[in-house]
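Here are the chains, one letter per residue:
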Amino acid sequence: MKQAAAKAAIAHVPDECVVGVGSGSTANFFIAELGGIRRRIKGAVASSEASAKRLKELGIRVLDLNGVDELPVYVDGADEVTRHLAMIKGGGGALTREKIVAAVAKQFVCIADQSKLVDVLGRFPLPVEVIPIARSYVARELAKLGGSPAWRQDFVTDNGNVILDVRNLAITAPVELETRLDQIAGVVTNGLFARRGADVLLLGTTTGVQTLKR
Ligand code: 5RP
């Protein structure tokens, strides 16, 4: 189902463009598909070192986002996604670069299997990337909001930071919570993608790929 969604995303990639590429197992299927059309794109911007490595292995040029003016499309997976196309991301720890590349892109195409579709976000622990010295402070602030943060052990992000995975947050107002969490000193990014959600969801199901639009 992940692979079918990734395959369907190729139709959203214009000729001669730079493509934004996400991270994770679903994005890896997309990278494999991109390999097949590498001659009709200029290159890619990757949201993680791992994805950049895979792209290069397939002979796809990886560009620095700072040198790219236009990114027509960003394709990435999600840990949870609603019918309004708000998401939790960051299970793989790449949330900050994912949010940056998504911000630049004109269109965000989310690719996911049907298990990722939820009515309310929050069963999946919300990843929060934190500057290392702020870890305990941020954890206390998250607890004040009703969350139960856990330090992701033996994990350092591509940006040299740590991740707190937060359970028990009632995410009924994702845009407001995303904004609130970003205001805690020491938080680099939180894994709510609600202010800039996806524009299109390609959902792999047992009966084929469904398309949901914002
Ligand atoms: C990585 C992410 C991924 O998109 C998310 O974890 C989904 O992963 P997968 O496609 O392996 O289920 O946000 O930071």
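The structure this text deals with has already been given above.
Everything quoted here is computed from the prediction, not taken from an experiment.

(A) Layout of the overall build of the chain. The helix and strand inventory of the chain stands at six helices and 13 strands. Taking 2.2 N^0.38 as the reference for a compact globule, 214 residues should give roughly 17 Å; the C-alpha atoms of the chain span a radius of gyration of 17 Å, in line with that estimate. With the C-alpha coordinates of the chain rotated into their principal frame, the extents come out at 50 × 35 × 30 Å. When burial is assessed residue by residue, the chain has 52% of its 214 residues classed as buried. When contacts within the chain are restricted to residue pairs at least 6 apart in sequence, long-range pairs at least 24 apart make up 71% of them. Of the roughly 10,000 Å² of accessible surface on the chain, 50% is carried by carbon and sulfur atoms.

(B) How the structure looks around the sheet that holds strand β7 (residues 126-130). Read from one edge to the other, the open sheet built from four strands follows the order β8-β9-β7-β10, with strand pairing classed as antiparallel. Here the strands that pair on one side only, and so sit at the sheet edges, are β8 (148-151) and β10 (187-190). Taken over all neighbouring pairs, the strand axes of this sheet differ in orientation by 30° on average, direction set aside. Here β7 runs beside strand β9 (residues 162-167); their pairing, made up of five bridges, is antiparallel. The residue of β9 that forms the bridge with V128 is L164. With respect to the sheet, helix α5 (residues 135-144) is in contact with β7, β8, β9 and β10, its orientation differing from that of β9 by roughly 15°.

(C) Inspection of the nonpolar core at higher detail. V19, F30, L34 and I111 are the most contacted members of the largest nonpolar core, which totals 24 residues. If sequence neighbours within four positions are ignored, L34 has contacts with I10, V19, V21, I41, L55 and I60.

(D) Broad picture of the site of the ligand. Inspection of the region around the ligand gives 17 residues, with S25, T26, D79, G90 and K116 positioned closest. In the environment of the ligand, an oxygen atom lies 2.5 Å from a nitrogen or oxygen atom belonging to the side chain of S25. Within the backbone of G93, an N or O atom sits 3.5 Å from an oxygen atom of the ligand. Contact with the protein chains covers 90% of the free accessible surface of the ligand, which is 380 Å². Residues belonging to the shell around the ligand are distributed by class as follows: two nonpolar, nine polar and six charged.

(E) Geometry of the side chain of D79. Within the element layout of this structure, D79 appears in the loop between β3 (73-76) and β4 (80-81). We note that D79 is buried and unpaired, the nearest opposite charge coming from K116 at a distance of 5.1 Å. Among the polar contacts made by the side chain of D79, one reaches the main-chain amide nitrogen of G90 at a distance of 3.2 Å. If sequence neighbours within four positions are ignored, D79 has contacts with I88, K89, G90, G91, K116 and F124.

(F) Highlighting the pattern of salt bridges. As enumerated under the stated definition, the model contains 12 salt bridges in all. A salt bridge links E33 to K7; the shortest N-O distance between them is 4.0 Å. In this pair, E33 sits in helix α2 (residues 25-36) while K7 sits in helix α1 (residues 2-9), placing the two residues 26 residues apart along the sequence. Note that D199 and R196 form a salt bridge whose closest N and O atoms lie 3.0 Å from each other. Several salt bridges converge on common partners, so that one network encompasses K99, E178, D182 and R195.

Criteria and cut-off values
Residues numbered from 1 in each chain as written. Predicted model: local features only at pLDDT ≥ 70, side-chain atom pairs only at ≥ 80, totals over all residues. Heavy atoms only, no water. Helix = DSSP H or I, 4+ residues; strand = E, 2+ residues; numbered from the N terminus. Rg over C-alpha atoms; globule rule 2.2 N^0.38 Å. Buried < 20%, exposed > 50% of the residue type's maximum accessible area, 1.4 Å probe, protein only. Contact = heavy atoms within 4.5 Å. Areas by Shrake-Rupley, 256 points an atom, 1.4 Å probe, with all protein chains shown as cover. Pairing = 2+ DSSP bridges. Axes fitted to C-alpha atoms, helices over the stretch in contact; angles between N-to-C directions. Core = buried A, V, L, I, M, F, W, Y, C linked by side-chain atoms within 4.5 Å. Near = heavy atom within 4 Å. Polar contact = N/O pair within 3.5 Å; in protein donor to acceptor, adjacent residues only side chain to side chain. Nonpolar A, V, L, I, M, F, W, Y, C, P; charged D, E, K, R; others polar. Lys, Arg positive; Asp, Glu negative; His and termini not counted. Salt bridge = Lys/Arg side-chain N within 4 Å of Asp/Glu carboxyl O.

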